[in-house]
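What follows is each chain in one-letter form.
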Amino acid sequence: MKRLALRTGVRWKISIAIAAVGALIAVALSLVVHNAARVSMIENAREVQLERLLGAQRFYEATNMQKGGPKFGAKLNDPTIPQSLRDEVRKNRRATHVEQGADGVPEVWAAVPLPGGNVLSLHTRFADRSATIMDDLDRALIIGSVSVVFGGCALGVLIGGQLSRRLRKAAAAAGRVAQGQTDVRVREAVGGVVRDETDELARAVDALTDALNERIEAERRVTADIAHELRTPVTGLLTAAELLPPGRPTELVRDRAQAMRTLVEDVLEVARLDSASERAELQELPLGEFVSRRIGLLNPDVTVRVIHESWVSTDPRRLERILGNLLGNAAKHGSTPVEVSVEGRVVRVRDHGPGFPEELLRDGPSRFRTGSVDRAGHGHGLGLTIAAGQARVLGARLTFRNAAPSGAAEGTGGAIAVLWLPEHAPTVTGSFPVLRVADQRQPSD
């Protein structure tokens, strides 16, 4: 069973936590204060009641218990005296008693023993003024508790908002690093005066980025050095193969030597593209005419359709390299017919083979990974990698998709590679220009 995941921000989590703690503290303190005040006022009422009864007793005794009975509200031998109070008086003790009335208002009793086994008592309700004071106190406690809760929420939003902003900045900077902007530093993006765990996270991410960059650069240098060192012996091998006598073995040696030379050159090109040192030499040219002319030289059997002509600022050599690699991939792994269409600044190359493998559609081109057997049983996986790298130098985007969903009948699908040239020339660093939404829309084939 899937667990229900509720996504909430750090700001609201902190706000709710502070508000909950504040509410618990406010409720606990309110109960303590209410009970303490109530007990104090009841004890004071006991004392006052007893003082009034003692005054009535002295007056009653001073008049020698004359006819007419006690004064000041006191009663002699009141039959409604509570039993607990009556028991205390029988022990010849002065006592007070408080009980809850029918309407919820406390009633205060006081009793003193008299000679002859008589009991003098005084019975009154809790003073109205005291009840009003308790109501005012409860109201003040409620207002204070609500204020504490809202104040805690505001404080939580303030503290959590600052932490949330720092985390979002860190996440955005880490995302730019993941996109290849290795010069971005998460610690600088977070900023701020206060130092907390977010800075430790940012420093850890920056350290990880530096370590990965160093490893990638080391691997690139090793790859480039190996390929560079192989150029001379491979060139010598190819020259020596030309001196062999004609025959089938000679053709096989020449073919393998040429394939090795092509592989070495491709590896060197990939290393140069990875180093981000390549720069485009821009020219203004009509895209449809250029694609038609170049593809006519590369593969006359390919159908070229210019839907809409457009002038672009790009590097002709790199654009031709991209087209050549896309056509080579279509010829090697796809099926005829291979079609090329030009619409504005968008170039599509489509074959009618089994389509791109799922790994390529999900992760993009990867060197030395040729995909599934039905489409890429041979090759080194460098053609599309080089095409994607050259597209980055041009400031363009190269996307891959299949014409038909998986499971469709054979011959109804095919692979489609789409090159999106930028509206403006790439920057001097070869980075991506800002693409408008219209540039990212895929027109229908």
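Residues numbered from 1 in each chain as written. Predicted model: local features only at pLDDT ≥ 70, side-chain atom pairs only at ≥ 80, totals over all residues. Heavy atoms only, no water.

As annotated in an unreviewed UniProt entry, the protein chain carries the name histidine kinase and is attributed to Streptomyces badius. Within the UniProt record for the protein chain, the comment given under Subcellular location (unreviewed entry) is "Cell membrane". Of the protein chain, the UniProt comment under Catalytic activity (unreviewed entry) reads exactly: "ATP + protein L-histidine = ADP + protein N-phospho-L-histidine." (UniProt positions renumbered as here; feature names shortened; annotations may be inferred.)

This brings us to the overall build of the protein chain. Helices and strands together make up the secondary structure of the protein chain, namely 11 helices and 11 strands. Just so you have it, the protein chain exposes about 26,800 Å², and 57% of that area is on carbon and sulfur atoms. (Helix = DSSP H or I, 4+ residues; strand = E, 2+ residues; numbered from the N terminus. Areas by Shrake-Rupley, 256 points an atom, 1.4 Å probe, with all protein chains shown as cover.)

The subject of this paragraph is the nonpolar core. Counting 32 residues, the largest nonpolar core has V291, L326 and L419 as the members making the most contacts within it. Secondary structure elements with two or more residues in this core: α7 (287-298), α8 (316-333), β8 (339-343), β9 (346-350), α10 (383-393), β10 (397-402) and β11 (415-420). Broken down by element, the residue count for this core peaks at 6 residues, all from α8. Discounting chain neighbours no more than four positions away, the residues touching L419 are L319, I322, R345, V346, V347, A391, A396, R397 and L398. Membership of the second largest hydrophobic core comes to 10 residues, among which are L54, A56, V112 and L122. (Core = buried A, V, L, I, M, F, W, Y, C linked by side-chain atoms within 4.5 Å. Buried < 20%, exposed > 50% of the residue type's maximum accessible area, 1.4 Å probe, protein only. Contact = heavy atoms within 4.5 Å.)

Attention now moves to the sheet that holds strand β2 (residues 95-100). Reading across the sheet, the 4 strands line up as β1-β4-β3-β2 and stay open at both edges, with antiparallel pairing between neighbours. Unpaired on one side and paired on the other, β1 (75-76) and β2 mark the two borders of the sheet. Where helix α1 (residues 10-62) meets the sheet, its contacts fall on β1, β2, β3 (106-113) and β4 (119-125), and the angle it forms with β3 comes to roughly 40°. Contacts between helix α2 (residues 83-90) and the sheet are confined to β2, β3 and β4, with β3 contributing the most and set at about 20° to the helix. (Pairing = 2+ DSSP bridges. Axes fitted to C-alpha atoms, helices over the stretch in contact; angles between N-to-C directions.)

Per the stated rule, a full pass over the model turns up 9 salt bridges. Notably, a salt bridge pairs D87 with R90, separated by 3.9 Å at the nearest N-O pair. Pair noted here: D87 and R90 are both in helix α2, with a separation of 3 residues, about one helical turn. For R90, a relative accessible area of 63% gives the class exposed. The salt bridge involving R293 is made with E289; its shortest N-O contact spans 3.5 Å. With R293 and E289 both in helix α7 and 4 residues apart, the pair spans about one turn of that helix. (Salt bridge = Lys/Arg side-chain N within 4 Å of Asp/Glu carboxyl O.)

Right, let's talk about the packing of aromatic side chains for a bit. For the coordinates displayed, the defined rule picks out 1 aromatic pair. Of note, R397 hangs over the ring of W420, and the distance from its end group to the ring centre comes to 5.2 Å. (Phe/Tyr/Trp six-rings, centres within 6.5 Å; stacked < 30°, edge-to-face > 60°. Lys NZ or Arg CZ within 6 Å of the ring centre and 35° of its normal.)

Take the environment of L24 next. Structurally, L24 is set in helix α1. Since its relative accessible area comes to 63%, L24 is described here as exposed. The spatial distance from the C-alpha of L24 to the C-alpha of V149 is 9.2 Å, given a sequence separation of 125 residues.

Attention now goes to the packing of α8 against α10. Here α8 crosses α10 at 155°, and the two axes come no closer than 9 Å. Here α10 runs roughly antiparallel to α8, going by the angle between their axes. As α8 runs across α10, the sense of the crossing is left-handed. Between α8, through R318, R321, I322, N325, L326 and N329, and α10, the contact on the second element is made entirely by G383, L384, I386, A387, Q390, A391 and V393. Here the contact of α8 with α10 is built from residues that sort into 7 nonpolar, 4 polar and 2 charged. (Parallel < 35°, antiparallel > 145°, perpendicular 65-115°, else oblique. Left-handed = near helix turned anticlockwise from the far one by under 90°. Nonpolar A, V, L, I, M, F, W, Y, C, P; charged D, E, K, R; others polar.)

On the surface, a cluster of nonpolar side chains totalling about 280 Å² of accessible area is made up of V21, I25 and L29. With respect to the secondary-structure elements, I25 resides in helix α1. Judged by its relative accessible area of 47%, I25 is partly exposed. (Patch = residues over 30% accessible without salt bridge, like charges linked within 9 Å, V, L, I, M, F, W, Y side chains within 5 Å.)

This part covers the environment of V340. Checked against the element boundaries, V340 lands in strand β8. With a relative accessible area of 2%, V340 lands in the buried category. For the pair V340 and S292, spaced 48 residues apart in sequence, the C-alpha separation works out to 8.8 Å. Sequence-distant contacts of V340, defined by excluding residues within four places in its chain, comprise V291, I295, V302, T303, V304, R305, L327, V347, R348 and V349.

Omega for the peptide link from T336 to P337 comes to 0°, which places this bond in the cis form. Looking at where P337 falls in the secondary structure, it is placed in the loop between α8 and β8. Backbone geometry at N77 places phi at a positive 55°, although glycine is not the residue there. Of note in the backbone geometry, N92 takes a positive phi value of approximately 60° without being a glycine.

The next subject is the sheet that holds β11. Pairing is mixed in the open sheet, where 5 strands are placed in the order β6-β8-β9-β11-β10. Of all the strands in the sheet, the pair left with one neighbour each is β6 (303-308) and β10. For this sheet, the mean inter-axis angle between neighbouring strands, taken without regard to orientation, is 15°. In terms of strand pairing, β8 meets β9 through 5 bridges, oriented antiparallel.

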